[in-house]
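# Residue-level structure breakdown
Here are the chains, one letter per residue:
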Amino acid sequence: MIAMMLDMKGDSKELSKAYHTANDKLQEMQKKSGLFEGLVFHTAGPTATGFRIVDVWRSREQFEKFAQAMMPIAMTSGMSSDVRPEIWEIENSMNIPAG
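The following paragraphs examine the structure supplied in this document.

Thresholds applied
- Residues numbered from 1 in each chain as written.
- Predicted model: local features only at pLDDT ≥ 70, side-chain atom pairs only at ≥ 80, totals over all residues.
- Heavy atoms only, no water.
- Helix = DSSP H or I, 4+ residues; strand = E, 2+ residues; numbered from the N terminus.
- Buried < 20%, exposed > 50% of the residue type's maximum accessible area, 1.4 Å probe, protein only.
- Contact = heavy atoms within 4.5 Å.
- 1 Å grid on protein atoms, 1.4 Å probe; cavity = no way out; pocket = protein on both sides within 12 Å on 5 of 7 lines; lining within 4 Å.
- Points joined across faces, edges and corners; volume = space filled by probe spheres on them.
- Nonpolar A, V, L, I, M, F, W, Y, C, P; charged D, E, K, R; others polar.
- Polar contact = N/O pair within 3.5 Å; in protein donor to acceptor, adjacent residues only side chain to side chain.
- Expected span 1.5 Å × (residues − 1).
- Arc of directions from axis to C-beta.

## So, the environment of histidine 20
Secondary-structure assignment places histidine 20 in helix H1 (residues 12-33). Look at histidine 20 and you get partly exposed, because its relative accessible area is 42%. Along the sequence, histidine 20 and methionine 79 sit 59 residues apart, while their C-alpha atoms lie 10 Å from each other.

## Focus: the environment of leucine 26
Structurally, the position occupied by leucine 26 is in helix H1. As for leucine 26 and isoleucine 2, which are separated by 24 residues in sequence, their C-alpha atoms are 21 Å apart. The residues contacting leucine 26, other than those within four sequence positions of it, are Leu35, Phe36, Phe66, Met70 and Ile73.

## What to know about the layout of surface pockets
If you add up the space inside the largest pocket, you get close to 360 Å³. Lining the largest pocket are 24 residues, and of these Met4, Leu6, Ile53, Phe66 and Met70 lie nearest its centre. When contributions to the lining of the largest pocket are tallied by element, the ones reaching two or more residues are strand E1 (2-9), H1, strand E2 (39-47), strand E3 (50-57) and helix H2 (60-76). In terms of residue count, H2 provides more of the lining of the largest pocket than any other element does, six residues in total. Partitioned by chemical class, the residues of the lining of the largest pocket number 18 nonpolar, four polar and two charged.

## A short note on the side chain of serine 77
Among the secondary structure elements, serine 77 is positioned in the loop between H2 and strand E4 (86-89). Given the relative accessible area of 13%, serine 77 is considered buried. A polar atom in the side chain of serine 77 sits 2.8 Å from the backbone oxygen of isoleucine 73. Non-local contacts of serine 77, meaning those with residues more than four positions away in its chain, are made with Ala18, Thr21, Ala22 and Lys25.

## Section: H1
Here H1 is 22 residues long and its end C-alpha atoms lie 30 Å apart, about the 32 Å a rise of 1.5 Å per residue gives. By the burial criterion, the buried members of H1 are Leu15, Ser16, Ala18, Tyr19, Ala22, Asn23 and Leu26. The buried side chains of H1 occupy one side of the element, clustering within an arc of 155° when seen end-on. Opposite the buried face of H1, at more than 90 degrees from it, the exposed residues are Lys13, Glu14, Lys17, Asp24, Lys31 and Lys32. Here the buried face of H1 lies against E1, E2, E3 and H2. For H1, the N-terminal capping position is held by aspartate 11, with its side-chain oxygen 3.1 Å away from the main-chain nitrogen of lysine 13.

As structure tokens, this is what we get:
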């Protein structure tokens with residue numbers, strides 16, 4: 001498994017709007033193509049300096065397949081093309097049950 005973090009710098013409100021525009025398009029693609037195959041966990045939200053996305057994927061190959069489809073959509077939605085994701089292998093993870 002791998003983790004991916006993408007930090008976009010800029011106006012949080014503008015980046016959030018761009019993220020949701022891109023996400024809506026990606027959700028439509030998912031219905032037709034299984035685009036998110038291999039995605040274990042996804043979270044996204046504003047930060048003090050912009051907007052952050054953190055994913056966990058079953059493999060780097062599955063993330064890269066998704067990224068190839070996602071990048072053109074992200075760029076046409078107003079997200080920066082200058083940002084490079086930080087990717088690392090996961091050695092350990094825990095799922096703590098609620099309660």
